[in-house]
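# Tertiary structure, described
Below, each chain spelled out in residue letters.
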Amino acid sequence: MFETLTARTTDSILTLMQAFRDDPRDDKIDLGVGIWREPDGTTPVFKAVKAAEQHLWRTQETKAYVGMLGDSAFHTAVAQLLFGQAPQRMAAAATVGGTSAVRQLLALTRVARPDATIWIPRQTWPNHWALAQDLGLSAQPYAWLDRAACVLDRDAVLRDLSGVQAGDVVILHACCHNPTGADPDPDLQAAILNVLQRNGAVPLIDAAYLGFADTPEADAGWIRQAAACLPEVLIAFSGSKSFGLYRERVGLAFVLSDHAGVVQSHLAVLNRMDFTFPPDHGARVVTEILNDADLRRSWTEELGSIRGTLRTSRQRLAQALRAELQSDLFDVLTDQVGMFALLPLDETRVAHLREVHGIYMVGDGRINLAGVTEETCPRIASALAEVMRGRG
Ligand code: LMR
């Protein structure tokens, strides 16, 4: 049967993750996959997660199936975080991480509107494109970053989005835009929602980095605005980064709609077709943390400290590049937020940095600021300056 197949690769991020693991050099530097790392390279478990797991271990008496949509207490706890309070007209389904939340929402779109166009920012998480394509949906890019200036191209975003049609779906990043770190300001957020409202399009808001730009509640601000002004909103929540629960696969698909009951029945069928019951352990940990004042405080404090470290890394790299290049082009790094920045590098330069300097970043020039530490920054800045000056 399988002689007909040719080998496939996963996307650029996961391929890079493997290449980094396989590189025997001791001084290699990982600026690739979107995982938080302490300056010593470790990704520790949040203290609140440990405590919630201990509590679960002591009190949980069964591992029997929960239900195809997951635990309703999990839906409510995350909905309160996202919306302030759980909306009435809400359908929710726990999923296998954020990836499957995006997938189920696109699959739901395919059921409801097979001819919808999915609008995806030109720079985005590569899996947005792959998922739309895998589901046979037609997709269309819209502008985001001006690559040369490294800033959000506001006019181009609005110009492109003015072409959305009723029933189309527009993928937005709730905060910490991946891969650019360039988030819209409140004016642009409102302007984008206005276009969607005028044209009758539906946002699919990917919320994978809540707590990395500001507090998790503040980072949910755009979601709250969308919920307040649009009749239908799709939200894909991931607990991977915000709770450090990467391998537990914590995700939730939310749909706000006047037809929430019917939508929920479709989400249940989509889950049944894919995996029947979503994973429960990580979801329960998140629920415990959100519902317990002490655990929640500890979690937000740890997130706050991660944010502070990322901000310092941004300042450190901007300053080092300013000194190396005698240019303020990279000062913009300090205005951007979250784990990522997209540097104006082509694939040849990215390959040079990897092969010659052992510095790993995604092929489009995305770096994870968590890897820019006091120790690694001078090497990163001087290698970047070398390729930027065209010597690499
Ligand atoms: C990333 O963007 O690096 C992460 O979201 C990991 C992934 O699944 O691609």
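Provided above is the structure to which this section pertains.
All values derive from a computational prediction rather than experimental measurement.

All right, on to the side chain of His75 then. Following the sequence through the fold, His75 ends up in helix α3 (residues 72-83). With near-sequence residues (within four places) excluded, His75 lies in contact with Leu69, Gly70, Ala92, Ala93, Ala94, Leu252 and Phe254.

Here we take up helix α9 (residues 221-229). Three or more residues of α9 are buried, namely Trp222, Ile223, Ala226 and Ala227. Buried positions in α9, seen along its axis, are confined to an arc of 140 degrees and lie on one side of it. Summarising the contacts, the buried residues of α9 are in contact with α3, β7 (169-173), α7 (186-199), β8 (202-207), β9 (233-238) and β10 (250-256).

This paragraph deals with the site of the ligand. All residues in the neighbourhood of the ligand are listed as Ile13, Val33, Gly34, Trp125, Asn178, Tyr209, Lys241 and Arg366. Gly34 has a polar backbone atom sitting 2.7 Å from an oxygen atom of the ligand. Take Asn178: an N or O atom from its side chain is 3.0 Å from an oxygen atom of the ligand. In isolation the ligand offers 260 Å² of accessible surface; the protein chains occlude 83% of this area. Taken together, the residues of the shell around the ligand sort by class into four nonpolar, two polar and two charged. Two domains share the shell around the ligand, each providing at least three of its residues, namely domain 1 (12-44 + 296-388) and domain 2 (65-291).

Our focus in this paragraph is the nonpolar core. With 103 residues, the main nonpolar core has Phe83, Phe254 and Leu317 as its most contacted residues. Ranked by residues supplied to this core, first place goes to helix α12 (residues 293-325) with eight residues. Lining this core are residues from two domains, each supplying at least three of them: domain 1 (12-44 + 296-388) and domain 2 (65-291). Every residue in contact with Phe83, bar those within four places of it in the chain, is listed here: Met90, Ile223, Arg224, Ala227, Ile235, Phe254 and Leu256. Residues Leu69, Val202, Leu204 and Ala236 belong to the second largest nonpolar core, which totals 28 residues.

A few words now on the pairing of β9. Burial of β9 is extensive: six of the six residues sit out of reach of the surface. By the alternation rule, side chains of β9 split into Val233, Ile235 and Phe237 and Leu234, Ala236 and Ser238, which are all buried. Pairing between β8 and β9: four bridges, direction parallel. Note that in β9 the partner of Ile205 across the bridge is Ile235. Two elements, β9 and β10, share six bridges in a ladder whose sense is antiparallel. Bridge assignment links Leu234 to a residue of β10, and that residue is Val255.

Below, the discussion takes up the pairing of strand β4 (residues 138-142). Bridge analysis of strand β3 (residues 117-121) against β4 gives five bridges, and the strand direction is parallel. Bridging from a neighbouring strand, Thr117 pairs with Ser138 of β4. Remark: the β3/helix α5 (residues 126-134)/β4 crossover connection has right-handed handedness.

Further remarks concern the environment of Gly308. Structurally, the position occupied by Gly308 is in helix α12. In this structure Gly308 comes out as partly exposed when scored by relative accessible area, which is 24%. For the pair Gly308 and Ala213, spaced 95 residues apart in sequence, the C-alpha separation works out to 9.6 Å.

Another aspect to go through is the packing of α7 against α9. Put simply, α7 and α9 touch, their axes get as near as 11 Å, and they point 30 degrees apart. Along this stretch, α7 crosses α9, giving a crossing that reads as right-handed. Counting all contacts with α7, which are made through Gln189, Ala190, Ile192, Leu193 and Gln197, the residues of α9 involved are Trp222, Gln225, Ala226 and Cys229. Residues belonging to the contact of α7 with α9 are distributed by class as follows: six nonpolar, three polar and no charged.

Moving on, we come to the packing of aromatic side chains. For the structure shown, the criterion picks out seven aromatic pairs. Consider the rings of Tyr65 and Phe277, whose centres lie 4.1 Å apart with planes at 25 degrees: the pair is stacked. Here Tyr65, found in the loop between α2 (47-59) and α3, pairs with Phe277, found in the loop between α10 (260-274) and α11 (281-291); they are 212 residues apart in sequence, far enough to count as distant. Accessibility expressed as a relative area gives 68% for Tyr65, which makes it exposed. Looking at Phe277, the relative accessible area reads 30%, which means it is partly exposed. An aromatic cluster is present here, built from Tyr209, Phe212 and Phe340 joined pairwise through their rings.

So, on to the sheet that holds β9. Strands sit in the order β2-β10-β9-β8-β7-β3-β4 across an open sheet of seven strands; the sheet is mixed. Of all strands in the sheet, those bounded by a partner on one side alone are β2 (90-96) and β4. Here the strands of the sheet are splayed against their neighbours by 20 degrees on average, with no regard to which way each runs. Where β7 lies against β8, five bridges are found, and the strand directions are parallel. When the bridges of β8 are listed, Leu172 appears paired with Ile205.

Here is what the cut-offs are and how they apply
- Residues numbered from 1 in each chain as written.
- Predicted model: local features only at pLDDT ≥ 70, side-chain atom pairs only at ≥ 80, totals over all residues.
- Heavy atoms only, no water.
- Helix = DSSP H or I, 4+ residues; strand = E, 2+ residues; numbered from the N terminus.
- Contact = heavy atoms within 4.5 Å.
- Buried < 20%, exposed > 50% of the residue type's maximum accessible area, 1.4 Å probe, protein only.
- Arc of directions from axis to C-beta.
- Near = heavy atom within 4 Å.
- Polar contact = N/O pair within 3.5 Å; in protein donor to acceptor, adjacent residues only side chain to side chain.
- Areas by Shrake-Rupley, 256 points an atom, 1.4 Å probe, with all protein chains shown as cover.
- Nonpolar A, V, L, I, M, F, W, Y, C, P; charged D, E, K, R; others polar.
- Domains from an automatic or database assignment.
- Core = buried A, V, L, I, M, F, W, Y, C linked by side-chain atoms within 4.5 Å.
- Pairing = 2+ DSSP bridges.
- Right-handed = clockwise from strand over helix to strand, strands pointing away.
- Axes fitted to C-alpha atoms, helices over the stretch in contact; angles between N-to-C directions.
- Left-handed = near helix turned anticlockwise from the far one by under 90°.
- Phe/Tyr/Trp six-rings, centres within 6.5 Å; stacked < 30°, edge-to-face > 60°.

Shape is all these values report; function is a separate question.
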